[in-house]
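# Architecture and fold: a report
Spelled out from the first residue to the last, the chains are:
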Amino acid sequence: DVKVTQSSRYLVKRTGEKVFLECVQDMDHENMFWYRQDPGLGLRLIYFSYDVKMKEKGDIPEGYSVSREKKERFSLILESASTNQTSMYLCASQHGGTDTQYFGPGTRLTVL
Amino acid sequence: DAKTTQPNSMESNEEEPVHLPCNHSTISGTDYIHWYRQLPSQGPEYVIHGLTSNVNNRMASLAIAEDRKSSTLILHRATLRDAAVYYCILRASGTYKYIFGTGTRLKVLA
């Protein structure tokens, strides 16, 4: 079975802190994604990566950056966390050319 | 981007069939229809997808209207473990981008 793991289930940070969210997949998938999930808004795509060091902006990239130095790892970075970035963050991976995305369990981030 | 519309919530009795509707009136000819579900405290998981024809797998069936402006996810016998938020999603051919709606929260009654 595909396994997508995220570094933390819950995280509390202060406004202005730099925040790293890590995602690791074990199935050699080419594509990886970061979403945020907010009540009433569903899932919104922040960034995705289709190869090592390759990335594309999703629908809401402002305030975020990403890093993919190794195929199995995709990091989401909040350079200076703000309270409006309090949310559930979900990572997903996908084998190129297939339709199924596999999601991690999510990280609930609270910015105080 | 085309959007999907789903009822906010639905209820079903255990061991009865459930029909979860989705409207996507602005769908384009190359948009795939996907369904995912999200169990409590978990990330979404794949259920089924299709383009034009009805599809069946071990989890569910997908019925797609002839004009493709709507689709229905069918759970043949709901169990308590099927209680989840079900998302109907469109994906344009040639892209990785999913457009998630807000989903339908399914409650299964024992």
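Note: the structure precedes this text.
Heads up: these notes are all about the structure in this document. (Residues numbered from 1 in each chain as written. Chains lettered and ligands numbered in written order. Predicted model: local features only at pLDDT ≥ 70, side-chain atom pairs only at ≥ 80, totals over all residues. Heavy atoms only, no water.)

Residue and element names in this part refer to chain A. Strand order across the open sheet formed by four strands is β1-β3-β8-β7, with antiparallel pairing between neighbours. For this open sheet the edge positions go to β1 (4-6) and β7 (65-70), each flanked by a neighbour on one side alone. Adjacent strand axes in the sheet meet at a mean angle of 20°, parallel and antiparallel pairs treated alike. Bridge count for β7 against strand β8 (residues 73-78) is four bridges, and the pairing is antiparallel. When the sheet's bridge partners are listed, Ser67 is paired in β8 with Ser75. (Pairing = 2+ DSSP bridges. Helix = DSSP H or I, 4+ residues; strand = E, 2+ residues; numbered from the N terminus. Axes fitted to C-alpha atoms, helices over the stretch in contact; angles between N-to-C directions.)

Turning to the state of the cysteines, a few remarks are in order. A covalent bond bridging the sulfur atoms of two cysteines is what the word disulfide describes. Inspection of the entire model under this criterion finds two disulfides over all chains. With a sulfur-sulfur separation of 1.8 Å, Cys23(A) is cross-linked through a disulfide to Cys91(A). Where Cys23(A) bonds to Cys91(A) through sulfur, the torsion about that S-S bond is close to -75°, and the disulfide is left-handed. Taken as a pair, Cys23(A) in strand β3 (residues 19-25) and Cys91(A) in strand β9 (residues 87-94) lie far apart in primary sequence, 68 residues in all. As far as burial versus exposure is concerned, Cys23(A) and Cys91(A) are alike and both buried. Each sulfur in the disulfide pair Cys22(B) and Cys88(B) lies 2.1 Å from the other. Judged by the sign of its S-S torsion, about -85°, the cystine formed by Cys22(B) and Cys88(B) is left-handed. (Disulfide = S-S within 2.5 Å. Buried < 20%, exposed > 50% of the residue type's maximum accessible area, 1.4 Å probe, protein only.)

We now examine the interface of chain A and chain B. Taken residue by residue, the interface counts 21 residues in chain A and 17 residues in chain B. When chain A packs against chain B, close to 1,500 Å² is buried across both sides, 54% of that on carbon and sulfur atoms. Contact with chain B buries area across many residues of chain A, yet Leu43(A), Asp99(A) and Phe103(A) alone supply 34% of it, more than any other trio. Counting the contacts that link chain A with chain B gives zero salt bridges. If you list the elements that add at least two residues to the side of chain A that touches chain B, you get β4 (31-38), β5 (42-51) and β9 of chain A. Tallied by class, residues from the side of chain A that touches chain B come to 10 nonpolar, eight polar and three charged. (Contact = heavy atoms within 4.5 Å. Buried area = accessible area lost by both parts, 1.4 Å probe. Salt bridge = Lys/Arg side-chain N within 4 Å of Asp/Glu carboxyl O. Nonpolar A, V, L, I, M, F, W, Y, C, P; charged D, E, K, R; others polar.)

Right, let's get into the pairing of strand β11 (residues 107-111) of chain A. Residues and elements named next belong to chain A. Alternating residues of β11 divide into Thr107, Leu109 and Val111, all buried, and Arg108 and Thr110, none buried. Here strand β2 (residues 10-13) runs beside β11; their pairing, made up of four bridges, is parallel. In the strand pairing of β11, Val12 is matched with Thr110.

This part covers the nonpolar core. Ranked by size, the top nonpolar core spans 21 residues in total, and within it Leu20(B), Ile33(B), Trp35(B), Leu73(B), Leu75(B), Tyr86(B) and Leu106(B) carry the most contacts. When contributions to this core are tallied by element, the ones reaching two or more residues are β2 (18-23), β3 (31-38), β4 (45-50), β6 (61-64), β7 (70-75), β8 (84-92) and β10 (104-109) of chain B. The biggest single contributor to this core is β8(B), with four residues. If you look at the next biggest cluster of nonpolar residues, it comprises 20 residues, including Val19(A), Leu21(A), Cys23(A) and Met32(A). (Core = buried A, V, L, I, M, F, W, Y, C linked by side-chain atoms within 4.5 Å.)

Okay, the layout of surface pockets next. Roughly 800 Å³ of internal volume is contained in the largest pocket. Among the elements of the structure, β10 (102-103) of chain A together with β4 of chain B are those that each provide at least two residues to the lining of the largest pocket. Sort the elements by how many residues they give to the lining of the largest pocket and β4(B) lands first, with three residues. Of the residues belonging to the lining of the largest pocket, the class tally is 12 nonpolar, nine polar and eight charged. Computed from the structure, the second largest pocket encloses a volume of approximately 540 Å³. Gln37(A), Arg108(A), Gln38(B), Tyr87(B) and Arg105(B) are the residues nearest the centre of the second largest pocket, which is lined by 26 residues in total. Of all the secondary structure elements, the ones that give two or more residues to the lining of the second largest pocket are β4 and β9 of chain A together with β8 and β10 of chain B. The biggest single contributor to the lining of the second largest pocket is β8(B), with three residues. Classifying every residue of the lining of the second largest pocket by side-chain character gives 10 nonpolar, 12 polar and four charged. (1 Å grid on protein atoms, 1.4 Å probe; cavity = no way out; pocket = protein on both sides within 12 Å on 5 of 7 lines; lining within 4 Å. Points joined across faces, edges and corners; volume = space filled by probe spheres on them.)

Keep in mind that these numbers describe shape and distance, not what the molecule does.
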